[in-house]
Each structure stands twice: as structure tokens, then as C-alpha cells.
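# A look at the structure
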Amino acid sequence: MRFHYPNLDRPKKAAKRIARLLADRLPLSKVQNGLATVLGYRDWHELELAHSAQPPVPLDQDLPREDFRSRSADLTLKLARALDITAGEALYVLLASRLTGDAGAIEDQFAIILQCWKATGDWPASGMAGTTVRFRGSFAGPRRLAMLTADFGRGRDSPVQIITDNRCGICTREEISIPRDPLPPFLPHRLNFVYGAWTEPDGSKVLFSRDYAPLWRLRDGQRPQQVPPTDWIKHQDETWFWEDANAPWEDRHRQAEEEARLRSFGITGLPLLIELLPLMVTSVGNVRTPAGVLRDLQLREKSGPPRVMMW
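Residues numbered from 1 in each chain as written. Predicted model: local features only at pLDDT ≥ 70, side-chain atom pairs only at ≥ 80, totals over all residues. Heavy atoms only, no water.

Another point: the packing of helix α1 (residues 9–21) against helix α2 (residues 28–38). With their axes 9 Å apart at the nearest point, α1 and α2 run at an angle of 125 degrees to one another. With respect to each other, α1 and α2 are oriented oblique. Handedness of the crossing formed by α1 with α2: right-handed. Residue-level inspection shows Pro11, Ala14, Ala15, Lys16, Ile18 and Ala19 of α1 in contact with α2, the latter providing Leu28, Val31, Gln32 and Leu35. Of the residues in the contact of α1 with α2, the class split is eight nonpolar, one polar and one charged. (Axes fitted to C-alpha atoms, helices over the stretch in contact; angles between N-to-C directions. Helix = DSSP H or I, 4+ residues; strand = E, 2+ residues; numbered from the N terminus. Parallel < 35°, antiparallel > 145°, perpendicular 65-115°, else oblique. Left-handed = near helix turned anticlockwise from the far one by under 90°. Contact = heavy atoms within 4.5 Å. Nonpolar A, V, L, I, M, F, W, Y, C, P; charged D, E, K, R; others polar.)

The end-to-end C-alpha separation of α1 is 18 Å, in line with the 18 Å expected for 13 residues at 1.5 Å each. Turning to α1, its buried residues are Pro11, Ala14, Ala15, Ile18, Ala19 and Leu21. Burial along α1 is one-sided: seen end-on, the buried residues are contained in an arc of 165 degrees. Its buried side turned inward, α1 meets α2, α3 (44–50), α4 (65–83), α5 (87–97) and β9 (225–226). (Expected span 1.5 Å × (residues − 1). Buried < 20%, exposed > 50% of the residue type's maximum accessible area, 1.4 Å probe, protein only. Arc of directions from axis to C-beta.)

In sheet architecture, strand pairing relies on hydrogen bonds along the backbone and comes in two forms, parallel and antiparallel. On the basis of which strands lie adjacent, the open sheet formed by five strands has the order β4-β3-β2-β1-β5 and antiparallel pairing. Of all strands in the sheet, those bounded by a partner on one side alone are β4 (168–171) and β5 (176–177). Alignment of strand β1 (residues 132–135) against strand β2 (residues 145–148), held across three bridges, turns out to be antiparallel. Within the sheet, the bridge partner assigned to Thr132 lies in β2 and is Met147. (Pairing = 2+ DSSP bridges.)

Attention shifts here to the pairing of β4. The pairing of strand β3 (residues 160–163) with β4 spans four bridges and is antiparallel. Note that in β4 the partner of Gln161 across the bridge is Ile170. Taken together, β3 and the strand that follows it, β4, pair antiparallel across an intervening segment of four residues.

This is the structure we're talking about:
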């Protein structure tokens, strides 16, 4: 599919935004050519010549919701390949750049990245892994949902390994129920909410998760930048936003407060930490916590074999 525009304003602005959001890791010319191929053109020069040859395509906000999600997933994967970045990075910069419109609530973004994982084979295509169930256990949280891991089904009397908003844990079969009508996978709050901030030597702030994984870098006058969760952050100060006794996954009011905190920082996208979720869901054996997955990834990066995640 080729995207047409009434003028070049939107693609030009999008290319500049993406280059900035990627912390200038790529020259603007490479971003421009990558965007051109994503939009159905040979290169940026052809886009300049032919962008208005046909009526403009509908913007994101003018599409039915499912069509918006499907189109965005397709564009995300194409952009990831064109710029050699992860799907999580591609989705964030795509929507933040407003290349194809101005839509993209958090629930839409999670649905889009889930489609990407399914298309690339990172999310289970069969079996019970990744299935959302009702959970009645002590750490259920207000949503009372859990996701099954690949360990489900080893035996009727075997413990069930699950992922909730708060943790990866073990429960009994009696504590879960599988709805007749399937529930969609959900974004665990522990992978999204911020726990505190590090101050870097240059004054930048890096927000981190409850597992002390970096999430976002904040600089004055700039949009928040995603930070790979395996990065080591050199910092000179550390602050915390809340204590475990007042954790946001235990209370709907606290969840709303932490969602508002993200918005106050200008964060409207998903952090790269969410890309741990497929690894957590497909793990077999010990329950895979975010911190455990991060340790494994950091060890693999140090030892040299190909990275599991593409950051």
C-alpha cells in the first residue's frame, strides 16, 4: 500500500521527530529513506515526487479502531526493519511522530505491539501460554486478572505459574478460572509504571521501574526517550515516588495516580521493558520475573551471543 499526502509537511516533520526520539543514533537521511520505504516508495526522492499523485489516505483517527491497529502493526514492523530497531521502539516513534495521524491510546498501543509479536512468532500461537484468566489469589490486585505461562498443563495437581500486575507467581488450579469468552492479554503495571528517578551527571532524569530497570530519559524541552532496560545508568542522585506499602497495583485509585504521573512527564507511549513480556510468558521452569529476565539478558550481552531482544 502506498500512502499519499496533500503535501510533505507531515512526512518531513515525522522524520525529524523520529531522528530526535532515537537520540540521533541515525542520520536524518537514513530516517527519511526508511520512512519512504515504509510508506510504499523506493526512497525519499520518489516520495517527494509522487506523494500527492493520489487522494490522501485516511489518518489514524479517521479509521475504525481495529483497522487503525492493524495498519499500525504493519507499519511498525516495516519501520523496525527499515531502521533496524525493535518493534517497541518503532511503535513509539511511529505514533509520536504523527506520520499517519494522531491516535494511539495505551490500550491501543499494547494491542498493536501484541499483533507485532504474533506476526514475528514472539507470542505463543497455540497452547495456553499467554491466556488471560480470572484470578482469585492473594496478589490478584483490583483487576483480578492473570496470564498463564508455558508451564500450564503439566498436571492437574501441578502449581500454576502466572503473571499478574504485580508479580510472577504460583497459584493452584482452584484460584483461576478460564472464561468461556477469551479475554485479551493485558499490560502488567509492573512493566509500565515508574518507581523512581535517577539524575544523570548532565542533569537528565531517567525514570526506572520497580525492578530498577530504566524506562524513560527526560530532558528539558524534549519528548521522553525510551531507554533499553539493559542499559547501565550512571547517576549522581536517586529518588523514589512511592513505597511498597502504597504500591499502585493494589488499589485502583493508586493506579490512576500513577497513570497521571506518567502523563505529567509527557509519557504517552510504552517503555521498552514491555518487550520482556513474551519471554516471561513463554518461559518453562522457574517463574520468570522481570528482574530475572533482565539479568539473563545482561549476561548474554556480556558473553557475546546474539541478543534475545533487539535493543
